[in-house]
Amino acid sequence: MAVWLITGCSSGFGRELAKAALKHGEKVIATSRNASRLSELKSLGAATISLNVNGTPAEIDATVVEAAKIHGTIDILVNNAAYVLVGGIEEIRHDPDVSPLPLIHLTIYSDAEARAQFNTNVFGPLSVIRSVLPFMRAMKSGVIANIGSLGGYASNAGSGYYCATKFALAGLTEALRAEVGPLGIQATVIEPGYFRTNFLKADVDGKTVAAKTIDDYKPTIDNVKNMLNMYDGKQPGDPAKGAQVIVEALTGTGRAAGKALPARLLLGSDAVPFVTSIQERQNKEMEEWKDLISTTDHAN
């Protein structure tokens, strides 16, 4: 019976994963910025505590210590808390007060939105990982799972900052995996396709739209927003079924028995064809350019 610490449990995958782990007989410590939003999980037997992944390292350390005291340890960490920021790369930016280009008016933007996206999706998980690892190193065992995205394989117009955070999370997880593997600790990034959660909704748990826009990008960004809005509620993935697969994968039980936990674990019927298409495109581009890009070695 493992002890799970899961972030972002107030809705979506976090909540479903906590429920699936409890049903599997595990001990679950469910977290959210406000533990009062976790009453359903508490009634099902989860311990619930408030954890703001954007807190200071000292605050997160203190919360993780509090969590570890509940059952004496933490065996499995799942970093799930995240959101998607919709907007163009140039739109979400910081400009000087005076345009360097004469006769062109530029609206003044703040980079606060971009920093908040990286703080929640990258630096937040990193802070939690660094707080949990001393417990796992002491045991010489444990599993760290970061929830990534298909956006960590290919970035899209209108969600470049979100996708960049997922690229970063995948890279950090692979390095972490190599570092902690010799200590008996596993690490993986779980990369779901589209699941029918509230992740695309315009609220604090899902989608946040950039505050300001640039007219030149409006057709492209509006198209992205419309596509996301139309797709909301029609995603193919069932989060309860996805959560069950995650539980089996991280515990090495059920359908995952005998399988080695991969560095990157795709999730969803749409995930495999999507990544296959990306890999095929990359291979095609590499083949087209390989003769030229291989001409850069020293002559001797």
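Residues numbered from 1 in each chain as written. Predicted model: local features only at pLDDT ≥ 70, side-chain atom pairs only at ≥ 80, totals over all residues. Heavy atoms only, no water.

Stated formally: UniProt positions are given in the numbering used here, feature names are shortened, and annotations may be inferred rather than shown by experiment.
In the nomenclature of an unreviewed UniProt entry, the protein chain corresponds to NAD(P)-binding protein from the organism Aspergillus novofumigatus. Per UniProt, the protein chain carries the Sequence similarities (unreviewed entry) text "Belongs to the short-chain dehydrogenases/reductases (SDR) family."

## Observations concerning the pairing of strand β9 (residues 264-267)
Cut-off, in case you're wondering: With a 1.4 Å probe rolled over the protein chains alone, any residue whose accessible area is under 20% of its type maximum counts as buried; one over 50% counts as exposed, and the rest are partly exposed. Here a helix means four or more residues in a row that DSSP labels H or I, a strand means two or more in a row labelled E, and each is numbered from the N terminus. Strands qualify as paired when DSSP identifies two bridges or more between them.
The two faces of β9 differ: L265 and L267 on one face are buried, but R264 and L266 on the other face are not. Alignment of strand β7 (residues 185-192) against β9, held across four bridges, turns out to be parallel. Within β9, the position partnered with V189 by the bridge is R264.

## Focus: the side chain of T73
The cut-off we apply is this: We call two residues in contact whenever any of their non-hydrogen atoms come within 4.5 Å of each other.
Structurally, T73 can be placed in the loop between α3 (57-71) and β4 (76-79). The buried category is assigned to T73, whose relative accessible area is 15%. Setting aside residues up to four positions removed in sequence, T73 forms contacts with V3, A68 and M139.

## Considering the nonpolar core
The test is simple: Take the buried residues of types Ala, Val, Leu, Ile, Met, Phe, Trp, Tyr and Cys, join any two whose side-chain atoms come within 4.5 Å, and each joined set is a nonpolar core.
By size, the foremost hydrophobic cluster in this structure holds 30 residues, and its most contacted members are W4, V28, V78 and L250. Contributing elements (two or more residues each) for this core: β1 (3-6), α1 (12-23), β2 (27-32), β4, β6 (142-147), α7 (239-251) and β9. Per element, the largest residue contribution to this core is six residues, and it comes from α1. Once you skip the residues sitting within four places of it in the chain, L250 turns out to touch W4, I76, V78, V143, A145, T188, I190 and L261.

## Considerations on the pattern of salt bridges
The condition that has to hold: Between Lys or Arg on one side and Asp or Glu on the other, a salt bridge is scored when a side-chain nitrogen of the former is within 4 Å of a carboxyl oxygen of the latter.
Within the structure shown, the criterion is met by eight salt bridges. The salt bridge partner of E285 is R281, with a shortest N-O separation of 3.8 Å. Linking E285 with R281, this pair stays in helix α8 (residues 271-293), spanning four residues, or about one helical turn. On the basis of relative accessible area, E285 is assigned to the partly exposed category, the value being 41%. The partly exposed category is assigned to R281, whose relative accessible area is 42%.

## Comments concerning the sheet that holds β6
Cut-off, in case you're wondering: For every element, the axis is a line fit to its C-alpha atoms; helices are fit only across the contacting stretch, and the angle between N-to-C directions ranges from 0 to 180 degrees.
Spatial strand order, β3-β2-β1-β4-β6-β7-β9: seven strands in an open sheet with parallel pairing. Looking at the sheet topology across the chains shown, the edges are occupied by β3 (47-50) and β9. Taken over all neighbouring pairs, the strand axes of this sheet differ in orientation by 20° on average, direction set aside. As paired elements, β6 and β7 share six bridges and run parallel to each other. Within the sheet, the bridge partner assigned to V143 lies in β7 and is Q186. This element, helix α5 (residues 160-180), spans β6, β7 and β9 of the sheet and lies at about 160° to β7.

## Observations regarding the pairing of β2
Convention followed: When the strands point away from the viewer, a crossover counts as right-handed if the path from the first strand over the helix to the second runs clockwise.
Extensive coverage of β2 is indicated by the burial of five of its six residues. Across four bridges, the pairing between β1 and β2 is parallel. Along β2, the bridge assignment pairs L5 with I29. Between the parallel elements β1 and β2, the chain passes through α1 in a crossover that is right-handed. Two strands pair when backbone bridges link them, and β2 and β3 are joined in this way by four bridges, in the parallel orientation. For I29, the partnering residue across the bridge sits in β3 and is A47.

## Observations regarding the packing of aromatic side chains
Stated formally: Geometry of aromatic contacts follows a simple scheme: Phe, Tyr and Trp rings, the Trp one being its six-membered ring, pair when their centres are within 6.5 Å, and the pair is stacked under 30 degrees between planes, edge-to-face over 60, tilted otherwise. Any Lys NZ or Arg CZ that is within 6 Å of a ring centre and within 35 degrees of that ring's normal is treated as a charge sitting over the ring.
One pass over the full model with this rule turns up one aromatic pair. Lying over the aromatic face of Y153, R264 brings its terminal NZ or CZ to 4.0 Å of the ring centre.

## A word on the confidence of the model for the protein chain
What counts is decided by this rule: The predictor rates its confidence in each residue with pLDDT, a number between 0 and 100.
Confidence along the protein chain averages 90 in pLDDT terms, with 91% of residues attaining 70 or more. Ignoring residues within four places in sequence, the model shows residues 95-107, a span with pLDDT below 50, making 10 contacts including any to other chains.

## Details of the environment of R177
With respect to the secondary-structure elements, R177 resides in helix α5. Taking the C-alpha atoms as reference points, R177 and A263, separated by 86 residues in sequence, lie 7.3 Å from one another. Once residues within four sequence positions are removed from consideration, R177 is found in contact with A187, L261, P262 and A263.

## Structural notes on a nonpolar patch on the surface
Note the threshold: For patches, a residue must show more than 30% relative accessible area and have no salt bridge; joins then use 9 Å for like charges and 5 Å for nonpolar side chains, namely Val, Leu, Ile, Met, Phe, Trp and Tyr. Each accessible area is a Shrake-Rupley estimate made with a 1.4 Å probe; only the visible protein chains count as cover when residues are assessed.
A contiguous nonpolar patch, built from M286, W289, L292 and I293 and spanning about 440 Å² of accessible area, is present on the exposed surface. Here L292 is to be found in helix α8. Judged by its relative accessible area of 52%, L292 is exposed.

## Quick notes on the packing of helix α4 (residues 112-139) against α5
Keep this limit in mind: Our angle categories are set so that under 35 degrees counts as roughly parallel, over 145 as roughly antiparallel, 65 to 115 as roughly perpendicular, and the remainder as oblique. For any pair of crossing helices, the crossing counts as left-handed if the nearer helix is rotated counterclockwise from the farther one by less than a right angle, and right-handed if it is rotated clockwise. Each residue gets one label: Ala, Val, Leu, Ile, Met, Phe, Trp, Tyr, Cys and Pro are nonpolar, Asp, Glu, Lys and Arg are charged, and the others, such as Gly, are polar.
The geometry of α4 relative to α5 is characterised by a closest axis approach of 9 Å and an angle of 15° between their N-to-C directions. Accordingly, the angle class assigned to the pair α4 and α5 is roughly parallel. The chirality of how α4 crosses α5 is right-handed. In this structure, α4 uses A114, Q117, F118, N121, V122, P125, L126, I129 and L133 to contact α5, whose residues at the interface are Y161, Y162, A164, T165, K166, A168, L169, L172, L176 and V180. Of the residues assigned to the contact of α4 with α5, the class counts are 15 nonpolar, three polar and one charged.

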